[in-house]
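The primary structure of each chain is shown beneath.
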Amino acid sequence: MESLGVLLTYPMDLYLQQELDKRYKLFRLWEAPQKKEFIKANAHAIRAVVGNASSGANAETIDLLPNLEIVSNFSVGLDKVDLVKCKEKGIRVTNTPDVLTEDVADLAIGLIITTLRRISASDRYVRAGLWKKGDFQLTSKFSRKTVGIVGLGRIGLAIAKRAKAFDCPISYYSRTEKPDLHYKYYPSITALATDVDILVVACPLTEETRHIVNREVLNALGPKGVLVNIGRGPLVDEPELVSALLDGRLGGAGLDVFEREPHVPEELFKLDNVVLLPHVGSGTWETRKAMADLVLGNLEAHVMKKPLLTPVV
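Numbers given to residues run from 1 along each chain, matching the order in which its sequence is written. Local features in a predicted model are, by the rule used here, given only for residues with pLDDT of at least 70; side-chain atom pairs are given and counted only at 80 or more, and totals for whole chains, interfaces and linings are based on all residues. The side-chain numbers reported here are obtained from all heavy atoms of the structure, hydrogens and water having been left aside.

### Things to note about the sheet that holds strand β11 (residues 252-255)
Now for step 1: Only strands joined by at least two bridges in the DSSP assignment are considered to pair. Per the convention used, a helix needs a DSSP run of H or I reaching at least four residues, while a strand needs a run of E reaching at least two, with both numbered from the N terminus. The strand order β8-β7-β6-β9-β10-β11-β12 describes an open sheet built from seven strands, whose pairing is parallel. Edge positions in the open sheet fall to β8 (184-185) and β12 (274-276), since each of these has one partner strand only.
Now for step 2: Across four bridges, strand β10 (residues 226-229) lies against β11 in parallel orientation. Its bridge partner lying in β11, V228 is registered against G254.
Now for step 3: Only heavy atoms enter the contact rule, under which two residues are in contact if any of them lie within 4.5 Å. Lines fitted to the C-alpha atoms define the axes, with helices restricted to the stretch that makes contact. Angles between their N-to-C directions range from 0 to 180 degrees. In this fold helix α7 (residues 154-164) packs onto β6 (147-150), β7 (170-173) and β9 (198-201), with an angle of close to 170° to the strand it touches most, β6.

### Topic: the pairing of β7
Now for step 1: Taken together, the four bridges between β6 and β7 define a ladder with parallel strand orientation. From the neighbouring strand, V150 faces β7, where its bridge partner is Y173.
Now for step 2: Look down the strands so they point away from you; if the path from the first strand over the helix to the second goes clockwise, the crossover is right-handed. In terms of handedness, the path from β6 via α7 over to β7 forms a crossover that is right-handed.
Now for step 3: Pairing geometry for β7 and β8, over two bridges, is parallel. Along β8, the bridge assignment pairs Y172 with Y185.

### Digging into the pattern of salt bridges
Now for step 1: Each reported salt bridge corresponds to a side-chain nitrogen of Lys or Arg within 4 Å of a carboxyl oxygen of Asp or Glu. A full pass over the atoms with the stated rule returns 18 salt bridges.
Now for step 2: D63 is the salt-bridge partner of K85, the closest N and O atoms lying 3.4 Å from each other. Residue K85 is located in helix α4 (residues 83-89), and its partner D63 is located in helix α3 (residues 59-63); the two are separated by 22 residues in the primary sequence.
Now for step 3: Here's how the labels work: a residue is buried when its accessible area is under 20% of the maximum for its type, exposed when over 50%, partly exposed in between, all with a 1.4 Å probe on protein chains only. On the basis of relative accessibility, which here comes to 18%, the residue K85 falls in the buried class.
Now for step 4: A salt bridge links D123 to R127, with the shortest nitrogen-to-oxygen separation between them at 2.6 Å. Of this pair, D123 and R127 are both found in helix α6 (residues 119-127), four residues apart, which corresponds to roughly one turn of the helix.
Now for step 5: Residue class for D123 comes out partly exposed when judged on its relative accessible area of 34%.

### Details of the pairing of β6
Now for step 1: Judged by which residues are buried, β6 turns out to be covered on both faces: V147 and I149 on one side and G148 and V150 on the other are all buried.
Now for step 2: Where β6 and β9 come together, four bridges link them in parallel fashion. Considered in β9, the bridge of V147 is made with I198.

### Quick word on the sheet that holds strand β5 (residues 92-94)
The strands making up a sheet associate through hydrogen bonds between their backbones, and the pairing can be parallel or antiparallel.
Now for step 1: The five strands lie next to each other as β2-β1-β3-β4-β5, forming an open sheet whose pairing is parallel. Both outer strands of the open sheet, β2 (25-28) and β5, are each paired with one neighbouring strand and no more. Sheet twist, expressed as the mean angle between neighbouring strand axes with direction ignored, is 20°.
Now for step 2: In terms of strand pairing, strand β4 (residues 70-72) meets β5 through three bridges, oriented parallel. Note that in β5 the partner of V71 across the bridge is V93.
Now for step 3: Docked against the sheet, helix α1 (residues 14-23) engages β1 (5-8), β2 and β3 (46-50), running at close to 135° with respect to β2.

### Considering the nonpolar core
Now for step 1: Here, nonpolar core means buried Ala, Val, Leu, Ile, Met, Phe, Trp, Tyr and Cys residues that are tied together by side-chain atoms lying within 4.5 Å of each other. L20, I159 and I230 are the most contacted members of the largest nonpolar core, which has 49 residues in total.
Now for step 2: Sequence-distant contacts of I230, defined by excluding residues within four places in its chain, comprise V104, A108, L111, I155, I159, V200, V201, A202, D256 and V257.
Now for step 3: L199, I212, L241 and V242 belong to the second-largest nonpolar core, a separate cluster that totals 30 residues.

### Observations concerning helix α11 (residues 285-303)
Now for step 1: Expected span of a helix, by definition, is 1.5 Å for each gap between consecutive residues, and there is one gap fewer than residues. With 19 residues, α11 should reach 27 Å at 1.5 Å per residue; the first-to-last C-alpha distance of 27 Å fits that figure.
Now for step 2: Within the sequence span of α11, burial applies to T287, M291, A292, L294, V295, L296, G297, N298, L299, A301, H302 and V303.
Now for step 3: At its buried positions, α11 is contacted by α1, β3, β4, β5 and α5 (101-116).
Now for step 4: Among the residues trailing α11, K305 stands out with phi positive, at a value near 60°.

So this is what it looks like as structure tokens:
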């Protein structure tokens, strides 16, 4: 196979790293103390970038790589890739859709149940020996709760399908109504939040959706409502979320993503009505292997001048 210089922007799946190292000339950006100088020094050899949800290919990186041909993203989200710049320069872009849908949807349901039933808090209760002193507090059930989903794409639809199995009425907010679905559509996210028990954020991060969940939406969800975010951290105004939880204006939250990962607001650590996960939505052996194979397959297709498996640009 034709030699290809690949810039890996962040430590990722070990299998993916090993396969890239075996097949191509691999440049590990995170190991370089001076990243910009490292890119400049190897720019002539780098024709591909592999990024993820933490680090991708922004405008500055793209401009430093005159021979860049493809960005193969180890993630379905593309908020770390400057798609406009890629289109301008004729750089191909791929991602890893579909293969992670089930895992992320499963985790969303897990976060809902764990938050409502205080599973993490009750686990800590047992480990601390407190059960001997009395029973754990009563919690809230999930079945038949109203669920609102922000963004009804692949993952949003998979979440809706799972929530329906719990007899939950489903409604949604998205850019446009999907007339072929039987779920109730809301043209306003605030109106949706007002009418549901649980609000699940599953839309892509764009300039338009940044902080789509703001103070108004959180207040609409209310002191009995639960917010679940499995999309991207900046979809939620994090300081406003912390304030709503501390003030009791929001009933609870299940969070897999944060605004400044891996930094998480420490005020949340002491709250039993909040479940915190380290961005593990697609974090299973099976799915990460499938994602890695898509990245590798897209790179191979590019080198062999064959159609890309999952083209975005």
